[in-house]
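Report on the structure
This is what each chain is made of:
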Amino acid sequence: MAQEHHEVIIIGAGVCGIYMLHRILGMGVDVTVLEAAEGPGGTWFRNRYPGARFDSESYTYGYSFNEEILQEWDWSEHFASQSETLSYLEFVVEKLDLRGHMQFGCKVDSARFDDEANTWTLVLSDGRELTTGILVTAIGMLSAATLPRIEGVEDYEGQAFHTYYWPHEPVDMAGKRVAVIGTGATGVQVISELADKVAELTVYQRRPNWCAPLHNGPIDEDTQAEIKASYDEIFERCAATPGGFLHGPDRRAFDEVSEEERLEFWEKIYNSRGFEVWLGNFRDVLVETGPNEVYSEFIANKIRERVHDPETAEKLIPKDHGFGTRRVPLETNYYEAYNRDNVHLVDVNETPIERITPGGIKTSDQEREFDIIVYATGFDAITGAFDRIEFVGVGGQKLADKWRDGPITYMGLQVAGYPNMLTLAGPQGASVSSNFPPAIEAGVNWATELIQFMRENHYSRIEATPEAEAGWTREIMDSYEGALLTQTKSWFTGYNSNVDGHDKLRYMIYLGGAPTYRERLASITEHGYEGFRLA
Ligand code: NA7
């Protein structure tokens, strides 16, 4: 049987893969997308757990590139639910006629570069082999789910789900005794949603996070019309902020205003929609320890006001990191959930989990029985999806070995020794540290131009130089110096207690902000793909 060959292969049919496919098809290039799931949507195809929704304003999360889609699609809420977002992505796929170029149920096991032919050979888990000139990875930052390393996980006899693999068919939660392990952005959404829908909800918390209200609401007709008339300004605003959101830092420093004015401002941002409470703050609050401590205390007092039992409130207030130095979960009635008689908080620092039993969870003080255990225990973030495919580059080098102590890339888009592989949405690029769609649009546009350039100039090989790669990685490391965010253990900084070796700082993200990143990309192109070797 002849091997299936494509000029370009994209792995992943999520937000990034969908747009990349559209752009490649626009050039008239032969391309296919390999997707492990049974449909397009990536993250939004998978995360079907109760309460899953955006923390980005819906109208900043949609693609900006197609006016017709922008005008035809109505977002029903300021922060859309998972099912609405999945419908949106399916709508885009149909509208742009992309489905016929996607192959589902295709799990890529390995990809090996042929140094003579300048091609990649991909092997799927069903044994099929495909080859391609250019390999584009759009495999997601949060797509390698991790279960906790607790004894007995396999012994449990009730229903148990990792939030990422929540079943497609409805799970009957009414009247059930439910446990949730994990209090990150996902756990916070699940807990808030389930609190009044189950008989008993027991939360196993290792470290609390600083959460703040989402302030979601429906989009009425007038607002809908307003949004549609102002997409240009919305995207311009997002393009100007470091995080690619509507929210950017206030120009003032913390001590430039009186205490009264400061408190008034903080009240305002606490009562504003979305990430304003995090990203719309005084410019030094996320950077300087002093102002960060004062703001953290302001938020701690909000938690104390919202949670009736003082002891529970204290348990929910982070003591090991300041506000905003980890991903801030946005919530709707999260803290109020703990005021309910059927919701129980177990601090696993006081009473560690000893094991999962066939009937439930045993901590050092007691065993509790459950009908359902929800693992909201997160991901082997950013590099995990790469580690789960065996990428073999020049000289047989495995990417997982090269990245053993952390990723090394050039612009987060290419890795020296892995020619013709474009790591869209990979580590050390802009997408990880900002609103995902605007960031991937920039990366996809750049990659599209590159492929066009290679075709026009008859290049069959592109590779980052080791010098350019070392320079970029050094720059990332330098930018971590002193940054508050990098002093805190979280998936941003590469920590995961459930993955071997992920117990020290890894240089995962670019901290320079999306506008600067885009300027860098443009300058690389202007200078004839500076830092790359074309052949
Ligand atoms: P996160 O933010 O990584 O959260 C995972 C949570 O699970 C976190 O509270 C962990 O505690 C907890 N966890 C993990 N392993 C264990 C064990 N073994 N025992 C107890 N608790 C554990 O993942 P999310 O899915 O919530 O969010 C990921 C991103 O998805 C999010 O930021 C959004 O951008 C979308 P820890 O804090 O490590 O002590």
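Whatever comes next refers back to the structure up there.
Residues numbered from 1 in each chain as written. Predicted model: local features only at pLDDT ≥ 70, side-chain atom pairs only at ≥ 80, totals over all residues. Heavy atoms only, no water.

1. Concerning the overall build of the protein
- Scanning the protein from terminus to terminus reveals 18 helices and 20 strands.
- Its C-alpha atoms give the protein principal-axis dimensions of about 70 × 60 × 45 Å.
- Within the protein, buried positions represent 59% of all 535 residues.
- In the protein, the share of contacts with a sequence separation of at least 24, taken over all contacts with a separation of at least 6, comes to 72%.
- On the protein, the mean spot of the 47 positive side-chain charges and the mean spot of the 85 negative ones are 3 Å from each other. (Helix = DSSP H or I, 4+ residues; strand = E, 2+ residues; numbered from the N terminus. Buried < 20%, exposed > 50% of the residue type's maximum accessible area, 1.4 Å probe, protein only. Contact = heavy atoms within 4.5 Å. Lys, Arg positive; Asp, Glu negative; His and termini not counted. Charge placed at Lys NZ, Arg CZ, Asp CG, Glu CD.)

2. Describing the pairing of strand β4 (residues 108-114)
- Pairing of β4 with strand β5 (residues 119-124), which is carried by six bridges, proceeds in the antiparallel orientation. Bridge pairing in β5 places V108 opposite L124.
- Pairing of β4 with strand β17 (residues 390-392) involves three bridges; the strand directions are parallel. When the bridges of β17 are listed, S110 appears paired with E390. (Pairing = 2+ DSSP bridges.)

3. Remarks on the site of the ligand
- If you check the shell around the ligand, you find 18 residues, and the closest are T186, R206, R326, R327 and N498.
- Within the contact set of the ligand, an oxygen atom lies 3.1 Å away from a backbone nitrogen or oxygen of A185.
- Grouping the amino acids of the shell around the ligand by side-chain chemistry returns seven nonpolar, seven polar and four charged. (Near = heavy atom within 4 Å. Polar contact = N/O pair within 3.5 Å; in protein donor to acceptor, adjacent residues only side chain to side chain. Nonpolar A, V, L, I, M, F, W, Y, C, P; charged D, E, K, R; others polar.)

4. Some remarks on the packing of aromatic side chains
- Following the criterion strictly, the structure yields 43 aromatic pairs and no others.
- Where Y231 meets F235, the ring centres are 5.5 Å apart and the plane angle is 10 degrees; that geometry is what we call stacked. Taken together, the positions of Y231 and F235, both in helix α8 (residues 231-240) and four residues apart, correspond to about one turn of that helix.
- For F235, a relative accessible area of 17% gives the class buried.
- Three or more aromatic residues link up through ring pairs in this structure, and these residues are Y19, W44, F54, Y61, Y63, F65, W73, W75, Y88 and F91.
- Lying across the ring of F265, R252 places its NZ or CZ 5.0 Å from the centre.
- The positively charged end of R262 is found above the aromatic ring belonging to F254, 4.0 Å away from the centroid. (Phe/Tyr/Trp six-rings, centres within 6.5 Å; stacked < 30°, edge-to-face > 60°. Lys NZ or Arg CZ within 6 Å of the ring centre and 35° of its normal.)

5. Thoughts on the pattern of salt bridges
- Throughout the structure, instances matching the rule amount to 34 salt bridges.
- R149 is the salt-bridge partner of D500, the closest N and O atoms lying 2.8 Å from each other. In this pair, D500 is assigned in the loop between α17 (466-480) and α18 (514-526) and R149 in the loop between β6 (129-137) and β7 (159-162), connecting sequence segments 351 residues apart.
- For D500, a relative accessible area of 63% puts it in the exposed group.
- Classification of R149 by relative accessible area gives partly exposed; the value is 49%.
- Linked by salt bridges that have partners in common, E297, R304, E314 and K319 make up one network. (Salt bridge = Lys/Arg side-chain N within 4 Å of Asp/Glu carboxyl O.)

6. With respect to the sheet that holds β7
- Here we have five strands laid out as an open sheet, ordered β7-β16-β8-β9-β12, and parallel in their pairing. In this open sheet, the two strands that pair with only one neighbour each are β7 and β12 (343-347). Direction aside, neighbouring strands of the sheet carry axes that sit 15 degrees apart on average.
- By the bridge criterion, four bridges tie β7 to strand β16 (residues 372-375) in an arrangement that is parallel. Across the sheet, the residue bridging to A160 is I373, located in β16. (Axes fitted to C-alpha atoms, helices over the stretch in contact; angles between N-to-C directions.)

7. Brief notes about helix α6 (residues 185-194)
- Judged by how many residues are buried, α6 sits mostly within the fold: eight of ten residues are covered.
- Burial in α6 covers these residues: T186, G187, V188, Q189, V190, I191, S192 and L194.
- Looking at the buried side of α6, the elements it contacts are β8 (177-181), β9 (200-205), β11 (330-331), α13 (334-337) and β16.

8. What about a negative patch on the surface?
- A grouping of E67, D232, E233 and E236 is seen on the molecular surface, where their side chains present a negatively charged patch.
- Classification of E236 as exposed rests on a relative accessible area of 59%. (Patch = residues over 30% accessible without salt bridge, like charges linked within 9 Å, V, L, I, M, F, W, Y side chains within 5 Å. Areas by Shrake-Rupley, 256 points an atom, 1.4 Å probe, with all protein chains shown as cover.)

9. Regarding the packing of helix α7 (residues 221-229) against α8
- Running from N to C, α7 and α8 point in directions that differ by 65 degrees, and their axes come no closer than 5 Å. The orientation of α7 with respect to α8, classified from their angle, is roughly perpendicular. In this structure, α7 contributes I227, K228 and A229 to the contact, and α8 contributes Y231, E233 and I234. (Parallel < 35°, antiparallel > 145°, perpendicular 65-115°, else oblique.)

10. Observations concerning the environment of Y375
- Examined against the element boundaries, Y375 turns out to sit in strand β16.
- The class of Y375 is buried, set by a relative accessible area of 2%.
- Taking the C-alpha atoms as reference points, Y375 and F254, 121 residues apart in sequence, are found 39 Å from one another.
- Non-local contacts of Y375, meaning those with residues more than four positions away in its chain, are made with L147, P148, V153, A160, F161, H162, T163, I181 and I356.

11. What to know about the environment of V171
- With respect to the helices and strands, V171 occurs in the loop between β7 and β8.
- Between the C-alpha atoms of V171 and Y49, which are 122 residues apart in sequence, the distance is 9.5 Å.
- For V171, the contacting residues outside a window of four places in its chain are Q159, F161, W166 and I372.

12. Examining helix α9 (residues 259-270)
- Given a rise of 1.5 Å per residue, twelve residues ought to cover 16 Å, and the 16 Å separating the end C-alpha atoms of α9 matches this to within 8%.
- Among the residues of α9, those classed as buried are R262, F265, W266, I269 and Y270. All buried residues of α9 lie within an arc of 135 degrees about the axis, which places them on one face of the element. Exposed residues lying more than 90 degrees from the buried face of α9 are E260, E264 and K268. (Expected span 1.5 Å × (residues − 1). Arc of directions from axis to C-beta.)

13. Topic: the side chain of T60
- Tracing the sequence through the fold places T60 in helix α3 (residues 58-61).
- A distance of 2.8 Å separates a polar side-chain atom of T60 from the backbone oxygen of E57.
- Dropping the residues within four chain positions of it, T60 is found in contact with I234, F235, C238, L246, N435 and P438.

14. Notes on the sheet that holds strand β13 (residues 353-356)
- With antiparallel pairing, the three strands of this open sheet are ordered in space as β13-β14-β15. Looking at the sheet topology across the chains shown, the edges are occupied by β13 and β15 (367-369). With strand direction ignored, the average angle separating the axes of adjacent strands in the sheet is 20 degrees.
- Here three bridges tie β13 to strand β14 (residues 360-363), and the two strands are oriented antiparallel to one another. Within β14, the residue paired with R355 across the bridge is K362.

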